[in-house]
Structures are given as C-alpha cells and as structure tokens.
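Each chain, written out:
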Amino acid sequence: MANENEVRLRKGTTLNERLVLAGIAVVLCLIALPGLAHLANDQWLGVAALFALLFGCLLLVAALFDRNVVWIITPGEILIGEQRPFGKVHRKSIGDRDISGMRLRKSIGKSVEFTLVVETLSGDTLTSPPLPDVTQVQRTTLQVARLLQLPAPAWIENPLDAANARIRLGKPVGSRRVRAYRALVALLACSLSLPFIYALWSGKLSALGIADWSLGAIMAFVLIRYLRRTSAFWIVHDGAIRFERLSLIGTTETDTVGGDDVEHIDVESGGRRGSHYVIAIRLRTGKKIRSPVLVGKDQTRAVKAEIVRRLGLTPLDGG
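Residues numbered from 1 in each chain as written. Predicted model: local features only at pLDDT ≥ 70, side-chain atom pairs only at ≥ 80, totals over all residues. Heavy atoms only, no water.

Draft legend 1. Molecular detail of the pattern of salt bridges. Following the criterion strictly, the structure yields ten salt bridges and no others. For R103, the salt bridge goes to E119, with nearest N and O atoms at 2.8 Å. Of this pair, R103 sits in strand β5 (residues 99-108) while E119 sits in strand β6 (residues 112-120), placing them 16 residues apart in sequence. A residue is classified by how much of its surface remains accessible, and E119, at 32% relative accessible area, is partly exposed. Where R242 meets E244, a salt bridge forms, and the shortest distance between an N and an O atom there is 3.3 Å. Through salt bridges that share partners, E4, R139 and R146 make up one connected network. (Salt bridge = Lys/Arg side-chain N within 4 Å of Asp/Glu carboxyl O. Helix = DSSP H or I, 4+ residues; strand = E, 2+ residues; numbered from the N terminus. Buried < 20%, exposed > 50% of the residue type's maximum accessible area, 1.4 Å probe, protein only.)

Draft legend 2. Representation of the sheet that holds strand β1 (residues 7-11) within the structure. Across the sheet, which stays open at both edges, the four strands sit in the order β1-β2-β3-β4 with antiparallel pairing between neighbours. Two strands bound the open sheet, and with one partner strand each, they are β1 and β4 (90-95). Between one strand axis and the next, the sheet turns through 15° on average, direction left out of account. Of the pairings in the sheet, the one linking β1 to strand β2 (residues 68-74) comprises five bridges and is antiparallel in character. (Pairing = 2+ DSSP bridges. Axes fitted to C-alpha atoms, helices over the stretch in contact; angles between N-to-C directions.)

Draft legend 3. Region of the structure containing the packing of aromatic side chains. A complete count under the given rule lists one aromatic pair for this structure. Here the aromatic rings of W234 and F243 are separated by 4.9 Å at their centres, their planes lie at 85°, and the arrangement is edge-to-face. By relative accessible area, which is 7% here, F243 ends up buried. (Phe/Tyr/Trp six-rings, centres within 6.5 Å; stacked < 30°, edge-to-face > 60°.)

Draft legend 4. Summary view of the sheet that holds β5. Ordered in space as β5-β6-β7, the three strands form an open sheet in which the pairing is antiparallel. Looking at strand neighbours, the two that pair on one side only are β5 and β7 (125-127), the edges of this open sheet. The sheet shows a mean angle of 25° between the axes of neighbouring strands, direction not considered. Here β5 runs beside β6; their pairing, made up of nine bridges, is antiparallel. Note on β6: the bridge partner recorded for K106 is F114. Against the sheet, helix α3 (residues 137-147) makes contact with β5 and β6, and its axis sits at roughly 165° relative to β5, the strand it touches most. (Contact = heavy atoms within 4.5 Å.)

Draft legend 5. Just helix α6 (residues 297-310), in detail. The end-to-end C-alpha separation of α6 is 20 Å, in line with the 20 Å expected for 14 residues at 1.5 Å each. Turning to α6, its buried residues number three or more, namely Q299, T300, A302, V303, K304, E306, I307, V308 and R310. (Expected span 1.5 Å × (residues − 1).)

Draft legend 6. Representation of the environment of V70 in the model. With respect to the helices and strands, V70 occurs in strand β2. Judged by relative accessible area, V70 falls into the partly exposed class, the value being 22%. It is 5.9 Å that separates the C-alpha atoms of V70 and I80, two residues lying ten residues apart in sequence. Filtering out sequence-adjacent residues up to four positions away, V70 remains in contact with L9, R10, L79, I80 and G81.

These values are about where atoms sit, not about what they do.
Structure (structure tokens):
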C-alpha cells in the first residue's frame, strides 16, 4: 500500500547495472587494444579499434561516475540525497517555506517522463527524478503539492493517466492518415504491376525479372503490414477497449472487446529496439491484438496493470 505521507523519487543505476556496463566496457577495451598495433599497417582496422576503445572508455566512465539521486518528500520538507560510486552521500533539505513555486515538466525522449521543477526563494531551480508511474502522474503530483502545502501545478496532458476517463494509446486514425495510406498502396501497386505487365506484353519477361518483381512484392507486403500494425489506436474505458486501425483497403477498422472476451494479457517486446514493448491481448476466440508501441518495460507494465483494472480482470487473468 502506498504511503500517503511520503513520496520517493529515484534516478540512477543499480550496482548490478553498473557492473554489467563496466564489464562491457572492459571487454570492448580488451578487444580494441590488439587492433591498435595494426594502425600503421591496416588503417581501417586501426581506426575501428580506436573507436571501440573510446566507446569502451566512455561506458566505463558512465559506470563509475553516474550519480544516484533520490528525493524523499514528506510533510513540509524535501530531502535530497546524491551519491556517486565510492563517494559519500550528499544530503540537502528544503523546507516548504523555502519553496517559491513548483511546476510539472513533460519530457519526450527515449520515453515520456514527468518531473517536478521546484523553485526556491534563493533563486535555485531543482529538477526532481522522474515520477515513478506514468499512469499515476496526476495523483503523485497532487500528493506532493499537499505534502508541501503548495498550490497544485498546472496540469500537462497525459493520455496514459489513470485519472482520465479514457486512456489513449497511439494516435487516432484520421482522414489524413487514411488518404496517405491509400496513396502509398496505389503507388506501390503501380510500381509493381506496370513493369511486370510491360515485360509480359513485350515478351521480355525473364527469370531475373520475376525474381526482382517477387522481391519487390514481398517488401511491399511487409511495408503495408508494418503500417497497418503501427496504425493501431486504443481507447480504454471502464469495462471495455475500443480498437481502431487501418484495413488493407484503406478504411478504418473498429472493434470493441470487454473483460469477458479476454483470456490473457501480457507484455511483449516491441521488436524494433530493446526498450520498446507492446501490450498483447489474447481473446478467447484465439485472436491476438497488440497495442501501439510503448517505451520502457516499467511504463508498459504500469499501463497493462491499469488496463487489467479497468477490464475487471484478476491479476492471474492479466498475466
């Protein structure tokens, strides 16, 4: 159960993560060192080894000197702790009477993050570690404002917040996207069919031409499938999810499922990068539906937990 009289915000890497990062850095350096001996004889090998060595050194520096920061917010006070590896913990306390204002900041980078920016009467501006749960940003912000006896900061739109009547994943399938999809399909169809028809009509169709056309058709199919999958848009209500996405013919497909239709919900890899994940819902009919891509496993798990709650599923049903 969450502590209503304390909020903890953390930023940094664990000891295990630092050891893994340092191990990768050492391996890169060990691999690169022999290649430097060939810098005079083999220029490309030497340059590659030099870059590997520099990259390894950067990773090692990051593992050794990255800061761990924690904010502990209690009634009337913010306690800030900062520590570097092998160093002492530096503590700083800020009372609510020393705070002139607080606002919420939204950052879009590797993932969507929300942080608190605190301004003090002395003119300092302090930025907190990211708020821990992307679905509870409004609740956490209001809790911090209550603990510090400050006005609630201006709200920033967060489509994944549990306070919303509807949680939105992805972007709506608007008319502009439909027209662009249809134009792309028409362009691909013309690009593939016209050269093939001309070769067939002129009698110049060859095995190489057929192979080239087949490869183009496969690539076009993969592209269209990818565009359809990334066009997914979810609207999560209490008790149901509405799905929207493009169809193969360029229309908007819609469907709605309730908690009774769901057999299992899980988090899967997004397939493009290690930090990308999707929420996969397997229906009792055997069909599987995948959400738009989310960044960060913790963020994806938090969204999944909120979907499980809204559909009225038990954690076992939710996976």
